[in-house]
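For reference, the chains in residue letters:
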Amino acid sequence: MARRTRAHPAMAAPRAPWRWALAGLCLGALAALLLWAPARWLATAVQQASGGQLLLREAQGTVWTGSARLVLTGGAGSDDQAALPGLLHWRLRPAWGGVQAQLAADCCTTTPLRLRAAPGLGAISLQLANGQSQWPAAVLAGLGTPWNTLQPQGRLQLVTTGLNLHWAAGRVQLNGRAQLDALAMSSRLSTLRPMGSYRLLLQGGEAPTLELSTLDGALLLSGNGQWVGQRLRFTGEASAAPEREAQLTNLLNIIGRRSGARSIITLG
């Protein structure tokens, strides 16, 4: 009977070199795909996350560095749209435990807005660096009701200080402060231009609060609100300076429930 011989380990056939080459090629392609992922992928993600109310049109560049036209809409089934003047530019970079983002708008930011996102197990933290920006109020009309009826005009000046948000297990914790000044505001519902300037102050903490006040003008707005769980409960009122009541009647009838000369505003 013929005797079988066992091949010496040194004589074993080497692994085919093409396998290593293919593995290297796949890893390189994956790295290139992540590095050069097109900006339209980010546009799709933003549209889905916002329910179609934020659109990045004509997106150029990559997911990591690019630009687009920012469009606000009323969401699915709405024909309302309004585009921010100029382009929105972004720069995303991986950071320890998350992602850092810089946003700059041609129309509205003198220095980029800086945001840090840190996802966790069933949680996410968002931190907005202290900053200031100014936006046209007219773009709010793109969001649909009630903005499409009010058609606001004016400037929105936003200042943030230590603002951060943490979401976990369905609960949201907000810290820091945001101040939004609506300056030289007007509406198609009134012939008075401007009607006035106003301030919304958001203060974080155990129970975040929202305060509305009038800076100047004939339309007088005031109110206070507080988040109870994830719902905002807000009560305020609007009224007109006596000599301007006729010019503001239509607006007062729309923004709240009339009670004599006042219009009562309630949310939540």
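Further up the page is the structure itself.
Report on the accompanying structure. Quick caveat: nothing in here was measured; it's all calculated off a predicted structure.

### So, the overall build of the protein
The secondary structure content of the protein amounts to four helices and 16 strands. Every one of the 268 residues in the protein was classed for burial, and the buried ones make up 32%. The long-range fraction of contacts in the protein, counting pairs at least 24 apart against all pairs at least 6 apart in sequence, stands at 38%. Looking at the protein as shown, the accessible area adds up to about 16800 Å², and 59% of this sits on carbon and sulfur atoms.

### Digging into the pattern of salt bridges
The final tally for this structure, using the stated rule, is three salt bridges. The salt bridge involving arginine 199 is made with aspartate 181; its shortest N-O contact spans 2.7 Å. Linking arginine 199 in strand β11 (residues 196–205) with aspartate 181 in strand β10 (residues 171–186), this pair joins segments that are 18 residues apart in sequence. Here arginine 199 falls in the partly exposed class, since its relative accessible area comes to 28%.

### Focus on helix α2 (residues 39–49)
The α-helix winds at 3.6 residues per turn, so residues separated by three or four positions along the chain end up facing the same way. What α2 keeps buried is the set Ala39, Leu42 and Ala43. On an axial view of α2, the arc spanned by its buried residues comes to 105°, and they lie on one face. Every exposed residue of α2 that faces more than 90 degrees away from the buried side is listed here: Arg40 and Gln48. Looking at the packing, one finds that the buried side of α2 touches β1 (54–61) and β4 (88–95). Glycine 51 sits one or two positions beyond α2 and adopts a positive phi of about 65°.

### Description of the state of the cysteines
Covalently bonding the sulfur atom of one cysteine to the sulfur atom of another cysteine gives a disulfide. Throughout the structure, instances matching the rule amount to one disulfide. The side chain of cysteine 107 participates in a disulfide bridge whose partner is cysteine 108; the two sulfur atoms lie 2.1 Å from each other. In this structure, the disulfide formed by cysteine 107 and cysteine 108 twists by about -80° around the S-S bond and is classed as left-handed. For cysteine 108, a relative accessible area of 6% gives the class buried.

### Some remarks on the pairing of strand β5 (residues 98–105)
For a regular strand, side-chain orientation follows a simple rule: the groups alternate between the two sheet faces. Here β4 pairs with β5 via eight bridges, running antiparallel. When the bridges of β5 are listed, arginine 91 appears paired with glutamine 102. Counted along the chain from β4 to the antiparallel partner β5, the turn is two residues long, and its residue glycine 97 has a positive phi close to 75°. Two strands pair when backbone bridges link them, and β5 and strand β6 (residues 113–120) are joined in this way by five bridges, in the antiparallel orientation. By the bridge assignment, leucine 103 is partnered in β6 with leucine 113.

The rules behind each value
Residues numbered from 1 in each chain as written. Predicted model: local features only at pLDDT ≥ 70, side-chain atom pairs only at ≥ 80, totals over all residues. Heavy atoms only, no water. Helix = DSSP H or I, 4+ residues; strand = E, 2+ residues; numbered from the N terminus. Buried < 20%, exposed > 50% of the residue type's maximum accessible area, 1.4 Å probe, protein only. Contact = heavy atoms within 4.5 Å. Areas by Shrake-Rupley, 256 points an atom, 1.4 Å probe, with all protein chains shown as cover. Salt bridge = Lys/Arg side-chain N within 4 Å of Asp/Glu carboxyl O. Arc of directions from axis to C-beta. Disulfide = S-S within 2.5 Å. Pairing = 2+ DSSP bridges.

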